[in-house]
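Residue-level listing of the chains:
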Amino acid sequence: MTHGYRTDGYGALGGERPGLRESATRHALLPLRIFLGVTFIYAGIDKLTQSGFFSATGSGSVGEMMRGVRDSSAIPALVDLALKNPAGFGYAIAIGELAVGLGALFGLLTRIAALGGALISLSLWLTVSWQATPYYYGNDLPYLMAWLPLVLAGAPTFSLDAVLADRRRRMR
């Protein structure tokens, strides 16, 4: 860089506005965060407001769903654990989805929220959608993979994490 400019085309010199490519790269995970956040918030609220979901038996209940997938799941012991207290399991999933969705959407403790989302998706893939053939027909595996970039990168822009990090930098 003897001439004062970058040859890779990805950055702007100090004082210059960032280019479109740099801006797009910086904000690349934002659509994923919004999608996962809204989807998991919706899923959590849907479970919390659905009559009968937290029941041990009956149409649309978590208990009935768990009994229906028990023999085809990858980890039947996990399903058995959920069946010991279907309402508790249902509330844990619903509140977990809500917390994860809010964390992702607002970018608060994003890596932790994304890890929670990945764990929820992994547990649902290994139990509820494990029997899907071929495997890519199951919807929980793509959600698991979608959470992983947020586990790795967090939410560097348009997030409460970024605001808090900036505030910490200024206080030093």
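Fair warning: this is a prediction, and the values are worked out from it, not measured in the lab.

Trainee: Sorry, what's going on with the layout of surface pockets here?
Mentor: With a probe scaled to a water molecule rolled over the atoms, the places where space remains empty come into view. Its boundaries defined by the atoms lining it, the largest pocket holds a volume of some 420 Å³. Around the largest pocket, the lining is made up of 20 residues, and of these Ala43, Lys47, Glu97, Leu124 and Asp140 lie nearest the centre. Per-class residue counts for the lining of the largest pocket are 12 nonpolar, four polar and four charged.

Trainee: Teacher, can you tell me more about helix α7 (residues 140-153) here?
Mentor: In an α-helix, one turn spans 3.6 residues, which is why side chains three or four residues apart end up on the same side. The end-to-end C-alpha distance of α7 is 21 Å, a good match for the 20 Å that 14 residues give at a rise of 1.5 Å each. For α7, the complete set of buried residues consists of Asp140, Leu141, Leu144, Ala146, Trp147 and Leu150. Phi turns positive, to about 70°, at glycine 154, one or two residues after α7.

Trainee: Looking at this structure, I do not really get the packing of aromatic side chains. What am I missing?
Mentor: The description of an aromatic ring pair rests on the distance of the ring centres and on the angle between the ring planes. Enumeration over the complete set of coordinates arrives at eight aromatic pairs. Seen in terms of ring centroids, phenylalanine 35 and tyrosine 143 are 6.1 Å apart; in terms of plane orientation they differ by 10°. Their pairing is stacked. Of this pair, phenylalanine 35 sits in helix α2 (residues 30-49) while tyrosine 143 sits in helix α7, placing them 108 residues apart in sequence. Using a relative accessible area of 22% as the deciding quantity, one classes tyrosine 143 as partly exposed.

Trainee: Help me out: how do you make sense of unusual backbone geometry in this one?
Mentor: Trans is the prevailing form of peptide bonds, just as negative phi is the prevailing case for residues other than glycine. For the peptide bond that leads from threonine 133 to proline 134, omega is -10°, which places it in the cis range. With respect to the helices and strands, proline 134 occurs in the loop between α6 (110-127) and α7. The backbone of leucine 109 shows a phi angle near 50°, a positive value even though the residue is not glycine. Of the residues examined, leucine 109 reaches a relative accessible area of 53% and is grouped as exposed. Despite not being glycine, phenylalanine 158 has its phi angle at roughly 45°, a positive value. Topologically, phenylalanine 158 is positioned in the loop between α7 and α8 (160-171). Phenylalanine 158 gets classed as exposed once you look at its relative accessible area, which sits at 60%.

Analysis parameters
- Residues numbered from 1 in each chain as written.
- Predicted model: local features only at pLDDT ≥ 70, side-chain atom pairs only at ≥ 80, totals over all residues.
- Heavy atoms only, no water.
- 1 Å grid on protein atoms, 1.4 Å probe; cavity = no way out; pocket = protein on both sides within 12 Å on 5 of 7 lines; lining within 4 Å.
- Points joined across faces, edges and corners; volume = space filled by probe spheres on them.
- Nonpolar A, V, L, I, M, F, W, Y, C, P; charged D, E, K, R; others polar.
- Helix = DSSP H or I, 4+ residues; strand = E, 2+ residues; numbered from the N terminus.
- Expected span 1.5 Å × (residues − 1).
- Buried < 20%, exposed > 50% of the residue type's maximum accessible area, 1.4 Å probe, protein only.
- Phe/Tyr/Trp six-rings, centres within 6.5 Å; stacked < 30°, edge-to-face > 60°.

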